[in-house]
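Observations on the three-dimensional arrangement
Chain by chain, the residues run as shown.
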Amino acid sequence: MTVYESQILTVPVLTPFDTTNFDQEKALKELREKIRGREQEAAGLVFDNIRSFERTTADRFLRIMEMGFGKSLGVRCTHCHNPGDWSSDEKPQKQIARDMMKMVGRINQELLPAINNLESERPIVNCTTCHRGQVKPALNINN
Ligand code: HEC
Ligand code: HEC
């Protein structure tokens, strides 16, 4: 399989925008500049298309993007975003991430609390629990 083919197989939609020169540090700096003075306001008020993190503060929201989402999956912002329009849902990965949030919520709020005799009083999973820096979670200890 060529590099080109493997990209098509892992990214369901071909990206129409050029991300080769994307500078993540610069993008985060620009976004923090843009929200300056509104860091403690709800993300739902500060940004345009928020459906999962309405009440998270704008400042914390950007840290979730960088660490909780980016680092956990081992990807840059452009895996889920067109950096020319952060509010756009044109990349399917963005909606997948919202659906993953729902799944994690159900695991933490319904499924784990229904298991008796666990070690932690309030056991939880998050994106890192499964992804561990990879887009596709491992099914085998050796990969
Ligand atoms: C795994 C996918 C994923 C990654 C990686 C990711 N994001 Fe997001 N991003 C989302 C989702 C999902 C939303 C919408 C959240 C919601 O609906 O509450 C979002 C929303 C945003 C918004 C709000 C846009 C608006 O106006 O509505 C900004 C800004 C943003 N992301 C920046 C970033 C930056 C910067 C990075 C990289 C450091 C990044 N994102 C990485 C999934 C991702
Ligand atoms: C219980 C395990 C588990 C947890 C927790 C989990 N994921 Fe996933 N995630 C998966 C699996 C399984 C897939 C599908 C991989 C495949 O295509 O085979 C996946 C796929 C994805 C994809 C699509 C990747 C791609 O581009 O092909 C995104 C985006 C994603 N997850 C984001 C998240 C985010 C964000 C979180 C935390 C809110 C999260 N996941 C938590 C198991 C998990």
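- The protein chain goes by Photosynthetic reaction center cytochrome c subunit in an unreviewed UniProt entry, where it is assigned to Halalkalibaculum roseum.
- Word for word, the UniProt comment on the protein chain under Function (unreviewed entry) is "The reaction center of purple bacteria contains a tightly bound cytochrome molecule which re-reduces the photo oxidized primary electron donor."

**Looking at the coordination of the iron atom of ligand 1**
- Looking at the iron atom of ligand 1, one finds its protein donor set to be Met65 (SD) and His81 (NE2), positioned 2.0 to 2.2 Å from the metal centre.
- Around the iron atom of ligand 1, the six donor atoms are arranged such that angles at the metal cover 87 to 179°; this shape is classified as octahedral. Residue Met65 is found in helix α4 (residues 58-73), and its partner His81 is found in the loop between α4 and α5 (92-111); the two are separated by 16 residues along the sequence.
- For His81, a relative accessible area of 10% corresponds to the buried category.

**What about the site of ligand 2?**
- The local shell around ligand 2 holds 16 residues, among which His79, Met100, Cys127, Cys130 and His131 are the closest.
- Side-chain polar atom of His79 to an oxygen atom of ligand 2: 2.7 Å apart, as the coordinates give it.
- His131 places a side-chain nitrogen or oxygen 2.8 Å from a nitrogen atom of ligand 2.
- Of all the elements, α5 adds the most residues to the shell around ligand 2, at six residues.

**Focus on unusual backbone geometry**
- Positive phi, close to 65°, is recorded for Asn117, a residue that is not glycine.
- Looking at the secondary structure, you find Asn117 in the loop between α5 and α6 (127-131).
- Non-glycine residue Arg132 carries a positive phi angle of around 45°.
- Positionally, Arg132 belongs in the segment after α6.
- Taking the relative accessible area as the measure of exposure, Arg132 reaches 65% and is therefore exposed.

What counts and what doesn't
- Residues numbered from 1 in each chain as written.
- Chains lettered and ligands numbered in written order.
- Predicted model: local features only at pLDDT ≥ 70, side-chain atom pairs only at ≥ 80, totals over all residues.
- Heavy atoms only, no water.
- UniProt positions renumbered as here; feature names shortened; annotations may be inferred.
- Donors = N, O, S within 2.8 Å, 3.2 Å for Na, K, Ca; no water.
- Tetrahedral: all angles 85-135°; square planar, octahedral: opposite > 155°, others 65-115°.
- Helix = DSSP H or I, 4+ residues; strand = E, 2+ residues; numbered from the N terminus.
- Buried < 20%, exposed > 50% of the residue type's maximum accessible area, 1.4 Å probe, protein only.
- Near = heavy atom within 4 Å.
- Polar contact = N/O pair within 3.5 Å; in protein donor to acceptor, adjacent residues only side chain to side chain.

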